[in-house]
Amino acid sequence: MKKILLLAALAATLTAQSASAVTDAEFKAKQDTLSMAMGKLCGAQFSSIASKDSTFNKQDFIAGFMQVMKADTTRTSYMDGLEMGAELYAQMKQMKQRDGIALDRNLVAQYLQSTLNGPALGQQQLMAVNNEARNSFIAVQAAVKQRLSQSNQEKGAAYIAKTLKSEKGWKKTASGLAIKMLAAGSGATFADTASVRLTYKGTHIDGSTFDESKDTIAMDLKHVVAGFKEALTLMRPGSKAVVIMPSSIAYGDNGAGFDQRTGKYAIAPGETLQFEINAIGLDTDKPAGVKTQNIKTPVGSATRVVPNKKGVRARSGKGTPGRGSQKK
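Remember, predicted model here, so these are calculated numbers, not experimental data.

Student: Quick one: what's the story with the overall build of the protein chain, residue by residue and with numbers?
Tutor: For the protein chain, the helix and strand inventory stands at seven helices and 11 strands. In the protein chain, which comprises 328 residues, the proportion classed as buried is 27%. In the protein chain, the share of contacts with a sequence separation of at least 24, taken over all contacts with a separation of at least 6, comes to 62%. Of the roughly 21,900 Å² of accessible surface on the protein chain, 55% is carried by carbon and sulfur atoms.

The following block contains the structure:
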């Protein structure tokens, strides 16, 4: 639920008012006007929410709102309890939506009451309680990641099995890598220490793209994820292939690109990835006068070739599954 934000202009307006005398009646009238405006602002904000959310119940919202507005504010501890309960509920709701962690409200209330009604805690005891809560949260987060990884591994295994069964031309290696050659190429396969010129496209198993090279790049196979390296050592200059990498030779249980704000990953724990690779050849001949530029990529670090001012400038982009150099 959106928090109500007061405009900064409101405070600026107050400070800009003249110091002329204001009677009690005038001051009361101004406060009442502000009260009405604040009520109208709250109503307008949640009216907008109600129009977009079919689960929003206006009567329930008003009932909850009025419980706070009608509360006996002289009972300061009661008001503190209301505020604490509302804040904790908001945190629990966010944990549920963002992390999939569902706390038991009855247990939270039970242990709050027993601790509050027990003896006062000293500084060291307070620190111990704080550490217990922090460690418990870390443990639950780890469990969430483990469960997500396991689920994604199962989905990935099913995807690979279905693909190999339904389409001809696929081969599966001992590591679990699945590869299908679209063009054989010629010459010797690439060594695992080679620097290879290529283009590629990386997708999730649902078909959505998470990374793609816009131009030819050069990748050092010493600095790519295991699955990408293995795939290229099975390829030759001029070859094209589609490869599927289980998480064990990609990003494992940790995934990549976690966003603390949203709780989402660019590449989730245990996720199986698919790449389309066009291996052009060895990166042996570079144009004269070029400079290199280090970049960060979804699958590791990379190096792009930056031509001189007379040439084509390197383009910015999402990067590559390893280190390389970019050129036209």
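Anyway, onward from the coordinates.
Student: Please provide a residue-by-residue account of helix α3 (residues 58–69), values included.
Tutor: A rise of 1.5 Å per residue sets the reference length of α3, with its 12 residues, at 16 Å; its end C-alpha atoms lie 16 Å apart and thus fit the reference within 8%. Two or three places before Q59, at the opening of α3, N57 has a side-chain oxygen 3.0 Å from that residue's backbone nitrogen.

Student: Just give me the short version of the pattern of salt bridges, but keep the residues and values in it.
Tutor: Scanning all chains against the criterion turns up four salt bridges. One salt bridge connects D32 with K28, and the closest N-O pair in it is separated by 2.6 Å. Placement of both D32 and K28 in helix α2 (residues 24–52) is noted, with a separation of four residues, approximately one turn of the helix. Taking the shortest distance from any N to any O, the salt bridge between R98 and D99 comes out at 2.9 Å.

Student: I'd like to hear about the packing of aromatic side chains, residue by residue, with values.
Tutor: What characterises a pair of aromatic rings is the spacing of the ring centres plus the angle enclosed by the ring planes. The final tally for this structure, using the stated rule, is nine aromatic pairs. Note on Y200 and F228: the rings are 5.9 Å apart at their centroids and 80° apart in plane angle, and the pair reads as edge-to-face. Of this pair, Y200 sits in strand β3 (residues 195–204) while F228 is found in helix α7 (residues 226–233), placing the two residues 28 residues apart along the sequence. Take Y200 and F228: they sit in the same class, and that class is buried. Taken together, a centroid distance of 6.0 Å and an interplanar angle of 50° make the contact between Y200 and F275 tilted. Here Y200, found in strand β3, pairs with F275, found in strand β9 (residues 273–282); they are 75 residues apart in sequence, far enough to count as distant. F275 carries the same exposure label as Y200, and that label is buried.

What counts, and where the lines are drawn
Residues numbered from 1 in each chain as written. Predicted model: local features only at pLDDT ≥ 70, side-chain atom pairs only at ≥ 80, totals over all residues. Heavy atoms only, no water. Helix = DSSP H or I, 4+ residues; strand = E, 2+ residues; numbered from the N terminus. Buried < 20%, exposed > 50% of the residue type's maximum accessible area, 1.4 Å probe, protein only. Contact = heavy atoms within 4.5 Å. Areas by Shrake-Rupley, 256 points an atom, 1.4 Å probe, with all protein chains shown as cover. Expected span 1.5 Å × (residues − 1). Polar contact = N/O pair within 3.5 Å; in protein donor to acceptor, adjacent residues only side chain to side chain. Salt bridge = Lys/Arg side-chain N within 4 Å of Asp/Glu carboxyl O. Phe/Tyr/Trp six-rings, centres within 6.5 Å; stacked < 30°, edge-to-face > 60°.

Shape is all these values report; function is a separate question.
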